[in-house]
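Understanding the architecture of this molecule
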Amino acid sequence: MKKTILCFTLLAGLHMGASAEPMHPAMAATAAVPAVASQPAPSDGEAIDFTLTDLTGKPFTLSSLKGKYVVVDFWGSWCINCIKGFPKMKEYYQKHRGRLEIVSVDCNDSEARWKAAVQKHGMPWVNVYNPRGDGDLTKKLGVTAFPTKLLVDPEGKVVKTFVGEDDSFYTVLDATVK
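Everything numeric here is computed off the predicted structure, so don't read it as measured data.

It is worth spelling out the packing of helix α4 (residues 86-95) against helix α7 (residues 168-176) at this point. Working note: a packed helix pair is described by the angle between its axes plus the distance between those axes. Put simply, α4 and α7 touch, their axes get as near as 12 Å, and they point 5° apart. As far as their axial angle goes, α7 and α4 are roughly parallel. Mapping the contact onto sequence places K88, M89, Y92 and K95 in α4 and Y170, L173 and D174 in α7. Tallied by class, residues from the contact of α4 with α7 come to 4 nonpolar, no polar and 3 charged.

As a further point, take the state of the cysteines. Inspection of the entire model under this criterion finds 1 disulfide. Not part of a disulfide, C107 finds its nearest cysteine sulfur in C82, a span of 8.3 Å.

This part takes up unusual backbone geometry. Residue P147 is reached from F146 by a cis peptide bond, and omega for that bond is -5°. Counting through the fold element by element, P147 comes out in the loop between α6 (137-141) and β6 (148-152). Even without being glycine, N108 reaches a positive phi, approximately 65°. Along the chain, N108 falls in the loop between β4 (100-106) and α5 (111-121). N108 sits in the buried class, given a relative accessible area of 12%.

Scored by pLDDT, the chain comes out at a mean of 82, with 77% of its residues at no less than 70. Long-range and interchain partners of residues 1-37, a stretch whose pLDDT sits below 50, account for 12 contacts in this model, where long-range means more than four residues apart.

Moving on, we get to α5. Among the residues making up α5, those that are buried are W114, A117, V118 and H121. Each buried residue of α5 lies within a common arc of 100° when the element is viewed along its axis, so the set occupies one face. Turned more than 90 degrees off the buried face of α5, the exposed positions are A112, Q119 and K120. Elements in contact with the buried residues of α5: β1 (51-54), β3 (69-75), α3 (80-84), α4, β4 and β5 (126-129).

Mapped onto the elements, D153 comes out in the loop between β6 and β7 (158-163). The spacing of D153 and V177 is 24 residues in sequence and 8.9 Å in space, taken between C-alpha atoms. Among residues more than four places away in sequence, those in contact with D153 are K68, Y69 and V159.

This part is about the pairing of β5. Note on strand geometry: in a regular strand, side chains alternate between the two faces of the sheet. Pairing analysis gives 2 bridges linking β1 to β5, with the strands arranged antiparallel. Within the sheet, the bridge partner assigned to T53 lies in β5 and is Y129. Pairing of β4 with β5 involves 4 bridges; the strand directions are parallel. Its bridge partner lying in β5, V103 is registered against V126. As for the winding sense of the linkage, the β-α-β connection from β4 through α5 to β5 is right-handed.

With mixed pairing, 7 strands are arranged side by side in an open sheet as β2-β1-β5-β4-β3-β6-β7. Looking at strand neighbours, the two that pair on one side only are β2 (59-61) and β7, the edges of this open sheet. Going across the sheet, the axis of each strand differs from the next one's by a mean of 30°, ignoring polarity. Contacts between α4 and the sheet are confined to β3, β4 and β6, with β4 contributing the most and set at about 150° to the helix. Against the sheet, α5 engages β1, β3, β4 and β5, with an angle of about 165° to β5.

Cut-offs applied
- Along every chain, residues carry numbers that run from 1 in the direction the sequence is written.
- Given that this is a predicted model, residues contribute local features only at a pLDDT of at least 70 and side-chain atom pairs are listed and counted only at 80 or more, while totals for whole chains, interfaces and linings are drawn from all residues.
- Hydrogens and waters are ignored; side-chain quantities use all the structure's heavy atoms.
- Inter-axis angles, ranging from 0 to 180 degrees, are taken between N-to-C directions of lines fitted to C-alpha atoms, where helices are fitted over the stretch in contact.
- Each helix is a run of DSSP H or I of at least 4 residues and each strand a run of E of at least 2, with the numbering of both proceeding from the N terminus.
- Angle categories: roughly parallel below 35 degrees, roughly antiparallel above 145, roughly perpendicular from 65 to 115, and oblique for all the rest.
- When checking whether two residues touch, look at their non-hydrogen atoms; a contact exists if any pair is within 4.5 Å.
- Under the grouping applied here, Gly and all other residues not named as nonpolar or charged are polar, the nonpolar ones being Ala, Val, Leu, Ile, Met, Phe, Trp, Tyr, Cys and Pro and the charged ones Asp, Glu, Lys and Arg.
- By convention in this document, the label disulfide applies to cysteine sulfur atom pairs within 2.5 Å.
- The buried label applies to any residue whose accessible area, calculated with a 1.4 Å probe on protein chains only, is under 20% of its type's maximum; exposed applies above 50%, and partly exposed to all values in between.
- A residue's pLDDT is simply how confident the predictor is in it, with values from 0 to 100.
- The directions considered for the arc are those from the helix axis to the C-beta atoms.
- When DSSP finds at least two bridges between two strands, those strands are taken to pair.
- A clockwise course of the path from the first strand over the helix to the second, judged with the strands pointing away from the viewer, identifies a crossover as right-handed.

What follows is the structure, given as structure tokens:
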């Protein structure tokens, strides 16, 4: 019985390996880098702040948006679900304009690929570049999946974290940003 289970497990592993999609080159580059310990994800009510470079090459600091609700959206041009979510994010950005800002944090792209993706997808909100290495914001904030969205209140504290593209995000957004 144990041999049968072992054989089945090995065959399943070989089958899965053969049918897996190829890793995106940007992700392959990060896979070869030794793991860096991540901080735990911010908990609800925890204040966050960061400074990253925007599309014009200038530093952008999250706390400059205090007084408004902010969605911090971790995404990448290689992330299909991230891109699928952009049309609805644009809709809600317009719906809550003046009370809500969105800051999209690019992850695991080259700077050129990031800029091209922002232009291609017409992302009208703040876009910042997240460099790999010691300054990687995903490591500092414990982001391990994409997309990840942090809803931040006007005082700079996390209201809720959403992992994946999920309609519950928009339900909470409507209930929170009034």
